[in-house]
Structures are given as structure tokens and as C-alpha cells.
Amino acid sequence: MKIYQCGNCHHPVYFNNVACERCNSWLGYLPEFDRMIALAPGGEGWNGITDNNTTLKYCANHEHRVCNWLVTEPAPDALCEACDLNKTIPNLSDPEHLAQWRRLETAKHRLVYALRRLGLPLSSRMAGKRTPLVFDFLSDDDAVKPVMTGHAEGLVTINAAEADPVHREQTRVAMHERYRTLIGHFRHEVGHYYWDVLIANNETNLTAFRKLFGNDEEDYQTALQNHYRSGPPADWREHYISAYATTHAWEDWAETWAHYLHLLDMLETAHTFGMRIAPPLDEQDAMQLDTTFDPYAEPDMDRIIAACVPLTFAVNTLNRGMGRKDLYPFVINAAVREKLGFVHRIVTGFNG
């Protein structure tokens with residue numbers, strides 16, 4: 001992600017900051033201009049310190065401290081583009097649920113940032129009907145049956161317990177996963193949504209998809225049962241990005257899609273920081289990195305992947321030095337490289 005600066009004193013700030021630690025200005029993110037705006041009290045809202053012509057308001061969810069995005073709508077209950085995607089939020093009478101919601105929104109807002117950067121629709125017209133992307137954040141405490149994280153016809157459901165790091169780590173270990181994060185859940189599940197938007201009703205894209213990912217018409221529930229009963233094939237590391245990707249063509253796509261967004265986010269951050277990697281190795285070429293390009297504007301996926309190899313090796317080494325797990329514990333084999341290239345071509349070729 002980009003580095004943001006306070007609109008008043010230009011001190012570096014994080015994407016979800018609501019105040020500047022240097023000058024104490026109130027801050028809000030204005031997605032239309034992709035800027036962190038410093039705010040001054042106005043008549044019925046806030047004025048941007050660098051632009052007093054527009055009255056700004058915080059998203060209505062700001063009162064719960066879950067959103068720092070700004071809106072220009074006069075309605076006091078106006079939601080930002082990211083929060084407007086919510087269909088159901090956790091029961092806020094429970095303080096634990098409120099804490100979970102804040103973590104969920106942090107991840108979701110980062111997701112929406114990436115989708116905006118890619119120019120992807122947050123809703124789409126398919127088969128003559130409007131299919132929006134919406135989110136349910138549900139808790140097992142309030143449900144008749146256990147909440148399953150997943151996607152169905154534009155509705156992404158996230159079990160709010162996934163926002164509890166202890167629960168998530170216990171689940172990761174029980175499922176024998178190498179990686180389990182909130183942002184990973186969001187990126188994976190919207191991958192299913194964009195399969196519907198970009199692949200399902202486009203004959204050309206669907207034909208190309210099947211050559212790489214397999215038969216999407218295979219019974220999904222049967223495939224899921226087989227996966228949990230027998231596990232992945234022994235040679236899965238040669239063809240997939242994760243063991244779960246072997247379950248079904250849809251899951252292979254969603255896992256690949258999630259990793260596509262992972263790589264873009266990491267590389268944009270490195271690009272914004274002007275990172276350069278040049279270790280004193282006998283064979284340096286594969287481990288050299290000079291982030292001179294914005295991955296969101298780069299047409300060549302091979303160039304993106306080539307840059308991510310030394311980047312992920314470097315950050316994994318840093319993590320190991322601090323006794324932490326690898327930040328990116330995955331290997332991009334030749335088959336995954338081809339699948340990532342397909343995703344990139346589909347996304348960059350989308351014209352609305």
C-alpha cells in the first residue's frame with residue numbers, strides 16, 4: 001500500500017489513522033482523491049485544511065471507531081463506499097463483537113482500496129440483473145447454526161470469530177494451514193465474486209480458465225468432501241499455490257486471486273518506500289530488486305513476480321531474525337505463475 005501523509009504537516013501516517021501524531025490534526029481518507037485529508041471544524045461537517053471549498057463528513061461508522069473514510073454527502077448517516085457494502089454487522093451490544101468488527105473493517109477497507117486501484121466494479125451487471133458485492137459479519141453467538149466463512153451470489157460471509165487472533169491461530173493449526181489472516185479471507189472470498197463477474201458469463205474467459213484451473217462444473221460439495229477425507233495430491237506443490245487450492249477449480253481460482261492481491265500489495269508498498277535489494281551474492285540477478293514501477297499499472301505479470309521473489313525472500317529473512325513465521329511462506333511454481341498471469345490479463349483487460 002502507499003505511504004500517506006498528514007494533509008497539514010506532511011508527517012507520514014498509516015492508512016487507518018484518524019489523527020496525526022505530530023500536529024494532532026484530525027485525519028480522514030478521501031477515496032476520490034486517494035489522499036489523507038487534515039480536517040478543520042466546519043459549519044455542518046469538516047473542512048479540508050488544504051481545500052476549504054468542500055464540506056466533508058466522516059462515514060457514519062466513524063462513531064464506532066471502525067472507519068476513517070470521508071464522504072461529501074450531506075446526510076448525517078451517510079456511509080463511505082467501503083462501509084456501504086455491509087449487509088450485516090456484529091451485534092454491537094457485546095464489546096467483544098465491536099472489537100472484532102474494527103479488525104474486520106480494517107481488512108475490508110484495505111481490500112476495497114485495492115479493488116478501486118484495479119478499477120474493478122464493486123457491483124456488476126450479469127445476465128441482465130444487478131448482483132452487488134455485500135458482506136455479512138456474523139457471530140456463532142447469534143446464529144442458529146455455526147457460521148461458515150464463504151461466498152454465495154455476491155454475499156461474502158465472514159465469521160466474526162476470525163477477527164480473534166487466538167481463534168484464528170488455533171484454526172490454522174487444526175487445519176494444517178501455513179497462512180490464515182483476515183485480509184487473506186477477504187481477498188479469497190471476493191475472488192469467488194469476481195469469478196462470477198469476470199469469468200462465468202464470458203465464453204472466451206471461461207474456456208481459457210478451464211484449460212488452466214480445470215472443470216468448474218465438477219460437483220463442489222463432493223470435491224470438498226473428497227479433499228477433507230483424502231487431502232491434497234502428493235504433487236500439489238508443483239501445480240498449486242496451496243493445498244486448499246486443489247479442492248476444486250473455483251478454490252484454485254480464489255486462492256490464486258488472493259495471492260495476486262497479496263503480491264500487488266507487498267510490491268506497491270516496496271515501490272512507495274523506494275526499496276532496493278542488492279545482496280552480495282555470487283549469483284545476484286535473481287535476488288536484485290529495484291522497485292521503479294507501480295505494480296497496479298504494470299502490464300507484465302512476469303515482471304511483478306520477478307520483483308516479488310527477492311522481496312519476499314528479504315522480508316521472510318527479517319521475520320526469521322525476529323523469531324516470527326515467514327511473512328509469505330509460499331512458492332510460486334511454473335503452473336502458479338501461469339495462473340497469476342491469467343488473472344492479471346483478465347483484470348487489466350476489464351473495461352467495465
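Residues numbered from 1 in each chain as written. Predicted model: local features only at pLDDT ≥ 70, side-chain atom pairs only at ≥ 80, totals over all residues. Heavy atoms only, no water.

A. Quick peek at helix H3 (residues 182–200). The first and last C-alpha atoms of H3 sit 26 Å apart over 19 residues, in line with the 27 Å expected at 1.5 Å per residue. Along its length, H3 shows its largest kink, about 35°, at Tyr194. With a side-chain oxygen positioned 2.9 Å from the backbone nitrogen of Gly184, the residue opening H3 is Thr181. (Helix = DSSP H or I, 4+ residues; strand = E, 2+ residues; numbered from the N terminus. Expected span 1.5 Å × (residues − 1). Bend = angle between axes of the 7 residues up to and from the residue. Polar contact = N/O pair within 3.5 Å; in protein donor to acceptor, adjacent residues only side chain to side chain.)

B. Main features of the sheet that holds strand S12 (residues 150–152). Strand order in the open sheet made by the four strands is S8-S11-S13-S12, with mixed pairing throughout. Edge positions in the sheet fall to strand S8 (86–88) and S12, since each of these pairs with one other strand and no more. For this sheet the average axis-to-axis angle between neighbouring strands, irrespective of direction, equals 25°. Relative to strand S11 (residues 134–138), helix H1 (residues 95–117) is tilted by about 160°, and along the sheet it contacts S8, S11 and strand S13 (155–159). Packing of H3 onto the sheet brings it into contact with S11, S12 and S13, and relative to S12 it is tilted by some 20°. (Pairing = 2+ DSSP bridges. Axes fitted to C-alpha atoms, helices over the stretch in contact; angles between N-to-C directions. Contact = heavy atoms within 4.5 Å.)

C. Geometry of unusual backbone geometry. Positive phi is not limited to glycine here, since Asn24 has a value of about 65°. A positive phi is found at Arg65, a non-glycine position, where the angle reads about 60°. Structurally, Arg65 is set in the loop between strand S6 (51–58) and strand S7 (70–71). Arg65 sits in the exposed class, given a relative accessible area of 61%. (Buried < 20%, exposed > 50% of the residue type's maximum accessible area, 1.4 Å probe, protein only.)

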